[in-house]
Each structure stands twice: as structure tokens, then as C-alpha cells.
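These are the residues of each chain, in order.
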There are 2 protein chains.
Amino acid sequence: MDSGRVKELPLRDNIAAQRIAEEVIGDFEARMAIVIPTKDEKLELFEGVISGIPHECLIIVVSNSQTRRTDRFKMEKEALKQFCHFTRREALIIHQKDPILARALADAGYTDILVEDELIRDGKAEGMVAGIFIAMIAKRDFVGFIDADNYFPGAVWEYARCYASGFSMAESPYSMVRVLWRYKPKISAGMFFNRWGRVSEITNRCMNSLISNKTGSETEIIKTGNAGEHAMSLRLAETLTYASGYAVESQELISIFEGFGDIVSIVDPTIAKRGIEIFQTETRNPHLHEERGGQHLLVEMLLPSLGSIYHSSLCGNETKRLIIDELLQQNAIRSKEEPPKPRLIAPPQTINMKKFTSVIAEHMKSYSALEGEE
Amino acid sequence: MDSGRVKELPLRDNIAAQRIAEEVIGDFEARMAIVIPTKDEKLELFEGVISGIPHECLIIVVSNSQTRRTDRFKMEKEALKQFCHFTRREALIIHQKDPILARALADAGYTDILVEDELIRDGKAEGMVAGIFIAMIAKRDFVGFIDADNYFPGAVWEYARCYASGFSMAESPYSMVRVLWRYKPKISAGMFFNRWGRVSEITNRCMNSLISNKTGSETEIIKTGNAGEHAMSLRLAETLTYASGYAVESQELISIFEGFGDIVSIVDPTIAKRGIEIFQTETRNPHLHEERGGQHLLVEMLLPSLGSIYHSSLCGNETKRLIIDELLQQNAIRSKEEPPKPRLIAPPQTINMKKFTSVIAEHMKSYSALEGEE
């Protein structure tokens, strides 16, 4: 949970364990934005999640909540404002359908997340990419994602700490931290802590198969194929190709393997030379979140997730067969069907940043949670 | 959860909210011992709780776990040793039936928690008092208690932070922090977060009745009558009269009201002059713990808890009637019965500290989790 403050003792006095002082974590938190994509989440959960973000981090809420019947977005804004007022901190909140943000993206030539060049598409992945752009404008060095449906502020807090401690250990400017939940208890089934969510288990197996087949050695190295809780240095985040919907988290890894794995053509030799570091961190806290749907949701999440692996140029026949088998077993496809191709989203760095900034800069104040207060 | 690091900004720049810098919390944590009373708790929960104690705090485990059939105490010692080894920190672990500790207490004339002057009695309260003595020997300024049956290391971590932040705000050297859970979800009943445990609710009502009747104004000020998670400055802890069993937490408040409330005779005018500060802190994390028993346990906890209020010299007839009514309603007593008198435990300061230290000092090393390692 923490490893105390700087001491006279050498920090790296141990081979197996590394002590990261409180001050170092604070330094990295201060350079980090936490993006919370949300959509009609219970206000109490939303407010709890906000409260768990370490004080030094910049909070960026990208909300796709309804504004018509009841204006839930307004309620989120108000909750965030209250929190920021009393804790004396800064946060940004923007609606996914914000017309100015969409126009700024369109003007700057970045249309992959837009619908007919007018508004940003629905979907968590699109909200995440929007969050990356806001973090770029806010000039942070790291961006982390945390879902808004978490029951434990203390778990949220730990995720952000995992991110910060991972980045503090990174030697490359291109780094990623993915969180592995210690357990993923299902609320509906009483207090049974099952070690792995089903979706994660299958995704990890297929991704490990892909790696095993390319490297020729059996591996179980991927444990966070579906990690919703993850963070990246912005320098890495800018270069990755994303995917819509539930494919987004696995596509990130696929993009890294494809772009910098030295198997298919390398996207950027400078980056490949510096290397990309991926940290998979196991939390102490269990992950307790809203449980939605059963088999239905499993399939809905599994299909795109495995689709991103299946359609990778790295995916060999053996892994393809494994994916088909898994999907058939879950009744997610019929025989002879394939998982859908992911809808890809171009790397954020393809935007005309100057143009984007010139449109959005003057509106940034209106996204501030404390707008009008100071 | 945290309020960041020291900034140029004045910390008390706000009237309603107070910012407590990370460094200040660290200073108080370093002066604090956390006592974990445990008895045959699941090893995984025990280990999780240990991991949630902030790095700067001294961990003191007082275990009453079985040593015969399977030596659970040995397993706890091993788990603690592993943890301390890898996190490079110090902890103490002692068995409640440790014969040396019992002898040291007996030799020093403190026999209230002993059975026939031979061993320490069973019971959490007795373990807590033993923990206070160990914290005194370890020369800490504050002692906090955290139960070992908590599912969330992050909640444990927050309790210790609540303690530290409370003490940092205290102006009197005689202070207490009591934790109010934000919710107390019952595991067995799915994910229903009921705002108050039944026992706490009734205890608080009766204690508030006692205060209301003495002061003449209706109050709901007591919200933590049964707070298992609480901490005290050792200077306060030394002066209080405790009670056996489930009466211990409510008796602490009763002892303060009786001893320093300026109604019955004041125990120590110096302390009364400095004042005693009690902080009731609400957590952000819900409290998720092992649920044991239903109505049976409710009665088992409620009876002693209300007994400590009922038999206080401060308790007027109106409050006594309320207590009887509550107990009848819960079928905890039969008509014309009274709740049992609490078995009181003399203040730790009544011990002959010099004698106690002389016996126990040379054995302190054997209680170290890293015994033999350094």
C-alpha cells in the first residue's frame, strides 16, 4: 500500500523487492491525469471514485451521461465541483458529446472517433481517447484510466498508486502500467472471490497463445489483457492505435506487439530503440464493482476482445483456432463464423495538434469543475 | 483519502475544511502502534490486514489463535515475518497466552486481565489491553486498534490514516479517534449497504440518551459507541478503565464521561484541565468484514455494550428505561432482568511500570516478527 518516506537507508537495498518512497510517488502523481470515463453511473459511486483519486493527480471526467430526461451530467458536474471546492483541487469535466471538442477534433483532421464529423461516437474507447487529448492539452506526462463503477475509494486510490509506482520504475519514456486485480468478487454471487474474471481469463489465454506461437516458448506472461484499469505515459499513448468498444484494452497490447515487436514492420524505430515497458501490477485490494448482466455481457465483452487478437497480423493459425474454439464454447459465434474485426482508431499523434489546441484552448476554462469560482 | 503534500498555500486556508499534508500524516504514523487483536482468523484476511497498515506504523499483533491442533499462531508469525522481510519493516507478535507477559503483569501488580494470576484471560478486550502495554514498552505515543477480519487492505490503510489525521488536529495530549464506517455492508445479504449496524445504532441511541439527560439538550453526537476501529494517545489510553468483552468500546467513552465529565468526581484534575478530545471520523471506504451469526451475535454484542451504559453512575432512570426497552425488544433479556454489569479492567497506569519493564524488556526481541533475521 505504501512504503513510507525517504530514509537514510538505500532504497534499493534489496534484490527481490523495491521500496518506492512516498515523495517519489507524489512526484509522479503530480505529473499524471486520471481519466474517468462514465455513463449514467450511480452518483454515489461516481463521487466515491472521485474521492479516491490521489490529491496530486489531475482528474479528468469524460461523461457520456444523459442530459435530457434528467440531466445526470449536470449532477456529476455539481458533485465534482463540491468535491473540488472542499478539497481545494482542480478537475476537468467534459461531456463526450461536447460540440466544441468534436469541432476541434474535426478541424484538426482527427475524425476516427467522430460520427459524420459532428459529434464523438458513443463508447468507452472513444471517451478514453477524448480523455487522452484533454490530458495532452493539460500538459501531463501520464494518463491513467479508472472506471466509475467502483465501490471502494481505497481501491481507486491504490490503482493510481500502482500507476505512479510503475512509472517511477520505468526506464523508457514509453511505458504502460496495467492493473491485475487481486480478486474480482462478484457481488451477485455473495462473497465468492473468483480469482479471474471469465473474460480476462480467456483473453489472456489467447494473447499468451499468440505470443507463445511467435516466440516459440510457452508463456503465461499476459495477465492483464482486459485491464480496464491501466495507464500510459502520454508519449506512448499518443503513438498507439486504439479500437472501439470492449476491444480497446486488448488492442493496446496488440498495437504495441505489432508496432514495436520487431516482427511486422516497426512503426517508429526511435521508440523501438528506447523500448516499451509494460508493468503488470497486482493490487492488494479486491476489485468490487457493479455487476451487469451475465452470459450476455460476457459474450458482448469477449467477442471484440478476442476479435482484436484474431485479426492481428501477428495471429497465427493455432491461436485463431483457439479463439474460435473459445467463442464456440461460449456460444458467442456459430460454426464457420469469425469474431468481428475491431474498428480501429488512429494514434492521437496523427492530429494536427496546433490546430486542435487553437480551437480548444479558449474553452478549457469552461471544462473546469470550479468554473466561475476562482 | 489524502490531501497531498505541503504546498506554498497556507494549509488552513479554509474554514470548513482542513488540509493535512502527507508529511504531517507520516510524522504521526511514525509515532503510532497499530494493535491487531486476532483469533483464528483466516490467514488470507490476516495477511491482507497487515498489508494495509501504513509503512511508518509499528504493527503489534496480539493473537489468541490456537496452537494445539494446528498451530495457527505459528502460521500467523510466519506470514508476518514474510511480510516484514519483503517490506523491510518491524512488527511485534505475541500470543495472548504468552506466559512471560502474564508473569510480567502479575509481578508488576496488574492482575485484572489475568486468570488466577497465571495467564491472560481470553477476550478481545484483554488482548487490546495487552497491546497497550506492548505499545507502552515500544515507546509509541499513539495506539490504534484494527480488527483482523477486514476484506479490504485499503480500508485498513484508511483507518490508520484517520487516526493519524485526527491526532494531528488534536490540541490536547489526551485524544481519541473513533472511526465511523461509511456503510457496513453485510456480505451474507448480497450487497446491501446498510447505513448502520444494528448494534451500533442501539448503542449510540442509548449513549446519546445518557448525554441528553445529563446536559438537558437532545443530542445525536455519539456515532461511534461501538467503534472497534479506534485509537488513543497512549497518555489517554493509560488512564482509562476498560471492560471485558464487547463492552470495551462503549466503556471507554463511559470512562471518559465519568472520569472527566465534571459530573461525578474527576479522576485526574490535570487531565480534565487539558481536556480530552474525541474525534469521530467517517471513512470513505465501506467496511466489509466477516459476518458471524445473526440475532444471536447481535444480542451477544448488545448486552455488554448497553450494560456498560446502564451501570454507569451517570445513567439516569430515563436512559435505563430506554435500555431495558431496547433489550426486551431484541429478546436479549426477560422482563424484570437487567443487563449484566461489565467486568472492569483497571487503567494500565496502575501497573508498576518499572517492574513490568524489567521483566519484559529482555524478552521483547523474541516478539519481533523478524526474530533471528537481523
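For the structure itself, look to the data block above.
Not measured: the values here are computed from a predicted model.

Basis of the calculations
Residues numbered from 1 in each chain as written. Chains lettered and ligands numbered in written order. Predicted model: local features only at pLDDT ≥ 70, side-chain atom pairs only at ≥ 80, totals over all residues. Heavy atoms only, no water. Core = buried A, V, L, I, M, F, W, Y, C linked by side-chain atoms within 4.5 Å. Buried < 20%, exposed > 50% of the residue type's maximum accessible area, 1.4 Å probe, protein only. Contact = heavy atoms within 4.5 Å. Pairing = 2+ DSSP bridges. Helix = DSSP H or I, 4+ residues; strand = E, 2+ residues; numbered from the N terminus. Axes fitted to C-alpha atoms, helices over the stretch in contact; angles between N-to-C directions. Expected span 1.5 Å × (residues − 1). Least-squares fit on C-alpha atoms with pLDDT ≥ 70 in both. Buried area = accessible area lost by both parts, 1.4 Å probe. Salt bridge = Lys/Arg side-chain N within 4 Å of Asp/Glu carboxyl O. Phe/Tyr/Trp six-rings, centres within 6.5 Å; stacked < 30°, edge-to-face > 60°. Arc of directions from axis to C-beta. Parallel < 35°, antiparallel > 145°, perpendicular 65-115°, else oblique. Nonpolar A, V, L, I, M, F, W, Y, C, P; charged D, E, K, R; others polar. Left-handed = near helix turned anticlockwise from the far one by under 90°.

Caption draft 1: Local environment of the nonpolar core. Within the largest apolar cluster, 86 residues are counted, with the highest numbers of intra-cluster contacts made by Y163 of chain A together with Y163 of chain B. Filtering out sequence-adjacent residues up to four positions away, Y163 of chain A remains in contact with M32, I34, G144, F145, I146, V177, V179, E229, H230 and A231 of chain A.

Caption draft 2: Quick look at the sheet that holds strand β2 (residues 58-63) of chain A. Residue and element names in this part refer to chain A. The strand order β3-β2-β1-β6-β10-β7-β12 describes an open sheet built from 7 strands, whose pairing is mixed. Pairing within the sheet leaves two strands with one partner each, and these edge strands are β3 (91-95) and β12 (276-282). The average undirected angle you get between the axes of adjacent strands in this sheet is 15°. Of the strand pairs in this sheet, strand β7 (residues 174-180) and β12 are connected by 7 bridges, and their pairing is parallel. Across the sheet, the residue bridging to S175 is E277, located in β12. Strand contacts of helix α5 (residues 124-137): β1 (32-38), β2, β3, β6 (142-145) and β10 (230-233), with the helix running at about 145° to β2, the strand carrying the most contacts. Strand contacts of helix α9 (residues 248-260): β7, β10 and β12, with the helix running at about 145° to β7, the strand carrying the most contacts.

Caption draft 3: View of α5 of chain A. All names here are of chain A. Helix length check: α5, at 14 residues, gives a terminal C-alpha distance of 20 Å against a target of 20 Å (1.5 Å per residue), a fit within 8%. Among the 14 residues of α5, 13 are classified as buried, and the element is accordingly described as predominantly covered. Taken from the residues just after α5, K139 is the one with a positive phi, measuring 60°.

Caption draft 4: Looking closely at the pairing of strand β7 (residues 174-180) of chain B. Residues and elements named next belong to chain B. Counting buried positions along β7 yields 7 of 7 residues, so the element is predominantly enclosed. Pairing of β7 with strand β10 (residues 230-233), which is carried by 3 bridges, proceeds in the antiparallel orientation. Bridge pairing in β10 links R178 to H230.

Caption draft 5: Up close: the side chain of S255 of chain A. Residue and element names in this part refer to chain A. On the secondary structure map, S255 appears in helix α9. Its relative accessible area of 9% is what places S255 among the buried residues. Those residues in contact with S255 that lie beyond four places of it in its chain are L240, T241 and F260.

Caption draft 6: Structural view of the relation of the copies chain A and chain B. Superposing chain A onto chain B requires a rotation of 180° together with a translation of 0.0 Å along the rotation axis, leaving an RMSD of 0.0 Å. Such values leave the two copies arranged in the relation of a two-fold axis. Looking at the interface residues of chain A, 100% of them are also at the interface in chain B, so both copies use one shared face.

Caption draft 7: Seen up close, the interface of chain A and chain B. Facing the 41 residues of chain A at the interface are 41 residues of chain B. Both faces combined, the contact of chain A with chain B buries some 3500 Å², and carbon together with sulfur accounts for 57% of it. A per-residue breakdown of the area chain A buries against chain B is headed by R5, F152 and R284 of chain A, which together make up 18% of the total. One can count 6 salt bridges joining chain A with chain B.

Caption draft 8: Quick peek at the packing of aromatic side chains. Under the criterion given, the structure shown has 10 aromatic pairs over all chains. When the centroid spacing of 5.4 Å and the interplanar angle of 55° are considered together, the rings of F133 of chain A and F356 of chain A count as tilted. One end of the pair, F133 of chain A, is in helix α5; the other, F356 of chain A, is in helix α13 (residues 353-360), with 223 residues separating them in the sequence. Residue F356 of chain A is classed as buried on the basis of its relative accessible area, which comes to 0%. Each ring, one from F28 of chain B and one from F142 of chain B, has its centre 5.7 Å from the other, and the planes form 45°; the classification is tilted. Placement of F28 of chain B in helix α1 (residues 22-30) and of F142 of chain B in strand β6 (residues 142-145) is noted, with a sequence separation of 114 residues between them. Considered together, F28 of chain B and F142 of chain B belong to a single accessibility category, that of buried residues. One aromatic cluster in this structure is built from F28, F142 and F167 of chain A.

Caption draft 9: Quick peek at helix α12 (residues 317-329) of chain B. Residues and elements named next belong to chain B. Taking 1.5 Å of rise per residue, the 13 residues of α12 would be expected to cover 18 Å, and the 18 Å separating its terminal C-alpha atoms lies within 8% of that figure. Buried within α12 we find T319, I323, I324, E326 and L327. The arc that holds the buried residues of α12, viewed along the axis, is 165°, so those residues lie on one side. Exposed positions of α12 whose direction lies more than 90 degrees from the buried face are N317, R321 and Q329.

Caption draft 10: Region of interest: the packing of helix α5 (residues 124-137) of chain B against helix α13 (residues 353-360) of chain B. All names here are of chain B. Where α5 contacts α13, the axes come no closer than 11 Å and their chain directions differ by 85°. It follows that α5 is roughly perpendicular to α13 by the angle criterion. Each of F133, M136 and I137 in α5 lies in contact with α13, whose residues at this interface are M353, F356, T357 and I360. Tallied by class, residues from the contact of α5 with α13 come to 6 nonpolar, 1 polar and no charged.

Caption draft 11: Quick look at the packing of helix α2 (residues 43-52) of chain A against helix α3 (residues 72-87) of chain A. Residues and elements named next belong to chain A. As a packed pair, α2 and α3 sit with axes 10 Å apart at the nearest point and diverge in direction by 35°. Every pair of crossing elements has a handedness; the one defined by α2 and α3 is right-handed. Contacts from L43, F46, E47, I50 and S51 in α2 reach R72, M75, E76, A79, L80 and F83 in α3. Residues of the contact of α2 with α3, tallied by class, amount to 7 nonpolar, 1 polar and 3 charged.

Caption draft 12: Region of interest: the sheet that holds strand β1 (residues 32-38) of chain B. All names here are of chain B. Strand order in the open sheet formed by 7 strands is β3-β2-β1-β6-β10-β7-β12, and the pairing between neighbours is mixed. For this open sheet the edge positions go to β3 (91-95) and β12 (276-282), each flanked by a neighbour on one side alone. Strand-to-strand twist in this sheet, taken as the mean axis angle between neighbours without regard to direction, amounts to 15°. Bridge count between β1 and strand β2 (residues 58-63): 6 bridges; the pairing is parallel.

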